[in-house]
Amino acid sequence: MTGTDADDVGLFGPGSVTWRVHDEPILVLAGLRSLYLQALHPLAIAGVAQNSNYRADAFGRLMRTSTYVATTVWGTTTQAQTAAARIRRLHARLRATDPATGAEFRLDDPDLLRWVHVAGVESFLDTATRAGLALTPDEVDRYYAEQRHSAALVGLDPGTVPGSATEIAEYYRAVRPQLRVTRDAADTALFLTAPPVPAQLSLPWRVAIGFGPPRLAYLGLAATAIGLLPAWARRMYGGLGLPATDVCAGLSARGLRLALRAVPRDLVDGPIRKAARARASGADQPSGTRAPADDPPVTAAGYGAAARR
């Protein structure tokens, strides 16, 4: 690592809301929520289904996606730009066919990239706050504004990307008429809910009682992720958009966050995040990022209510 890289805290840094949000281990749940949400866009999910072997390599795909997000959030500027350049080159080569019309489309179409971006960052923010991370309305808007850097990395014009909670809610209202549960979406949702469990984890329990704790634990995680979806998205999947579902999912997310926060950080943090903290400890850190005390923190009931309805 060069001297410059050793001082580079990346695109966001320790003074950013992005680092606060992505420091939450609960975002593993947010990633699953975002996949259910992204699958509702017919072209986005068709592009995945026609260009991915996610069924045969679900864990590998998950790890590659997680590594990319970690690199853009916690890596140096060079690392983030290099990772994004690889993604842009890959997307530029890929094409898919609209199952409804037969028309060919590019996977780097700006509308598709924007949908995937918004569904991802809104899932990260919504899951973290509903699990108990206290952010003020100003910090929520700053997170979305900061994430325009991530959008630019994949080739989007940042000016066309929602940069506040209000703009996110408006974007969802505008795009919802395009969304539906296609066969690809249904197949993907089923796979996400009941993926194959490695035999070495489930076999002893399957022999003893017919099913294994890993399967049960994952089903609980998937159920919580579905419960955290906006009510309109749950209704598309055939569920109920009841307020009670929001409350139950929020309580489950809070419990999971407490459990994950009890795990030693050395076991939770990956090498990319550890390296970022090491660089930050030697860099000049900006002043605190919290809003004034009279700016009330966002709660599960407050933040994102319009987007979830």
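Everything numeric here is computed off the predicted structure, so don't read it as measured data.

Engineer: Explain helix 5 (residues 58-74) to me, please; I cannot follow it from the model alone.
Structural biologist: Over its 17 residues, helix 5 runs 24 Å from end to end, which matches the ideal 24 Å to within 8%, given 1.5 Å per residue. All of the buried residues in helix 5 are G60, Y68, T71, T72, V73 and W74.

Engineer: Explain the packing of aromatic side chains here, please?
Structural biologist: Aromatic ring pairs are reported here in terms of the distance separating the ring centres and the angle at which the planes meet. If you walk through the whole model with that rule in mind, you get six aromatic pairs. Judged by centre distance (4.7 Å) and plane angle (40°), the ring pair of W19 and W74 falls under tilted. In this pair, W19 sits in helix 2 (residues 17-22) while W74 sits in helix 5, placing the two residues 55 residues apart along the sequence. Of the two residues, W19 and W74, both sit in the buried class. Ring centres of W115 and Y172 lie 6.2 Å apart, and the angle between their planes is 70°; on these two criteria the pair is classed as edge-to-face. A residue pair is termed long-range when its members are at least 10 positions apart, and W115 in helix 7 (residues 110-130) and Y172 in helix 10 (residues 165-175) qualify at 57 residues.

Engineer: Before we go on, may I ask you to explain helix 6 (residues 77-93) in this structure?
Structural biologist: One turn of the α-helix equals 3.6 residues, which is why residues spaced by three or four share an orientation. If you check helix 6, its first and last C-alpha atoms are 25 Å apart, about what 17 residues at 1.5 Å a residue would give, namely 24 Å. Taken residue by residue, helix 6 has A80, A83, A84 and A85 as its buried positions. In this structure, the buried side of helix 6 is in contact with helix 5 and helix 9 (148-153).

Engineer: Hey, could you run me through the pattern of salt bridges in this one?
Structural biologist: A side chain of one charge can pair with a side chain of the opposite charge if their charged atoms are brought near each other. The tally for this structure, following the rule as stated, stands at 18 salt bridges. Residues D23 and R265 are paired through a salt bridge, measuring 3.0 Å at the closest nitrogen-oxygen approach. Here D23, found in the loop between helix 2 and helix 3 (27-38), pairs with R265, found in helix 16 (residues 265-268); they are 242 residues apart in sequence, far enough to count as distant. Judged by its relative accessible area of 33%, R265 falls in the partly exposed class. Here R257 makes a salt bridge to E24, at a shortest N to O gap of 2.6 Å. Placement of R257 in helix 15 (residues 243-261) and of E24 in the loop between helix 2 and helix 3 is noted, with a sequence separation of 233 residues between them. There is no split in this pair, since R257 and E24 are both buried. Connected through salt bridges with shared partners, the residues R33, E122, D126, R130, R234 and D246 form a single ionic network.

What counts and what doesn't
- Residues numbered from 1 in each chain as written.
- Predicted model: local features only at pLDDT ≥ 70, side-chain atom pairs only at ≥ 80, totals over all residues.
- Heavy atoms only, no water.
- Helix = DSSP H or I, 4+ residues; strand = E, 2+ residues; numbered from the N terminus.
- Expected span 1.5 Å × (residues − 1).
- Buried < 20%, exposed > 50% of the residue type's maximum accessible area, 1.4 Å probe, protein only.
- Phe/Tyr/Trp six-rings, centres within 6.5 Å; stacked < 30°, edge-to-face > 60°.
- Contact = heavy atoms within 4.5 Å.
- Salt bridge = Lys/Arg side-chain N within 4 Å of Asp/Glu carboxyl O.

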